[in-house]
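The primary structure of each chain is shown beneath.
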Amino acid sequence: MSESSLPERIEKHRAVAAWLEFQLGQERATIRRLEKEAVEWDRRKAVAWRERRFTVQEPRHDEEQYVIHRGGCMNNPGARDYVQAPEVVIMMQGKNVEGCRTCNPMPGLRGTWTPRLAPDEGA
Ligand SMILES: [Zn+2]
């Protein structure tokens, strides 16, 4: 077999280098796409976490009621505490409460099981 000429060898290596550059571009594009998917996944997870919870808007005056919102409701933008249904029910026992008219959280709280509070057994 005859050896390739020097110009042929150079041309083969240029072809390999071009192919490797193309592959590198493909891999970098895949990495960018997956990184965007990971960010979107985290965002959706955070939204789902909030949507499964409730927030309580405290009354500004004694005459006002506490207002319960679903976690994703925009009517309670300052909310920091996202609590689950049983916690809301326990927190709001004996308090003057209404459900937000926009997000309508009450159907999500209806039938919520809460642990029976142990009577104070005294000391
Ligand atoms: Zn609301």
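Look up: the structure comes first, before these words.
A brief structural summary.

### A word on the pairing of strand β2 (residues 66-70)
Then, number 1: With respect to burial, β2 is a largely interior element, 4 of its 5 residues being buried.
Then, number 2: As paired strands, strand β1 (residues 54-57) and β2 are joined by 4 bridges and run antiparallel to one another. Across the sheet, the residue bridging to Q57 is V67, located in β2.
Then, number 3: Here β2 pairs with strand β3 (residues 97-99) via 3 bridges, running parallel. Among the inter-strand pairings, V67 is bridged to a residue of β3, identified as E98.
Then, number 4: For the segment spanning β2, helix α2 (residues 85-91) and β3, crossover handedness is right-handed.

### Quick word on the environment of C103
Then, number 1: Counting through the fold element by element, C103 comes out in the loop between β3 and α3 (106-109).
Then, number 2: Since 20 C-beta atoms lie within 10 Å of it, C103 is described here as buried.
Then, number 3: Taking the C-alpha atoms as reference points, C103 and E8, 95 residues apart in sequence, are found 72 Å from one another.
Then, number 4: C103 has contacts with H69, R70, C73 and N75, leaving out every residue within four places of it along the chain.

### A word on helix α1 (residues 6-51)
Then, number 1: With 46 residues, α1 should reach 68 Å at 1.5 Å per residue; the first-to-last C-alpha distance of 67 Å fits that figure.
Then, number 2: Counting buried residues along α1, only 0 of its 46 residues qualify, which leaves the element largely exposed.

### Here's the deal with the environment of M92
Then, number 1: The residue M92 is located in the loop between α2 and β3 in this model.
Then, number 2: For the pair M92 and Y66, spaced 26 residues apart in sequence, the C-alpha to C-alpha distance is 8.3 Å.
Then, number 3: When near neighbours in sequence (up to four residues on either side) are disregarded, M92 contacts Y66, I68 and V97.

### A look at the sheet that holds β1
Then, number 1: The strand order across the open sheet built from 3 strands is β1-β2-β3, with neighbouring strands paired in mixed fashion. In this open sheet, the two strands that pair with only one neighbour each are β1 and β3. Direction aside, the axes of adjacent strands within the sheet are offset by 30 degrees on average.

Parameters at a glance
Residues numbered from 1 in each chain as written. Predicted model: local features only at pLDDT ≥ 70, side-chain atom pairs only at ≥ 80, totals over all residues. Buried ≥ 20, exposed ≤ 12 C-beta atoms within 10 Å, placed from the backbone. Helix = DSSP H or I, 4+ residues; strand = E, 2+ residues; numbered from the N terminus. Pairing = 2+ DSSP bridges. Right-handed = clockwise from strand over helix to strand, strands pointing away. Contact = placed C-beta atoms within 7 Å. Expected span 1.5 Å × (residues − 1). Axes fitted to C-alpha atoms, helices over the stretch in contact; angles between N-to-C directions.

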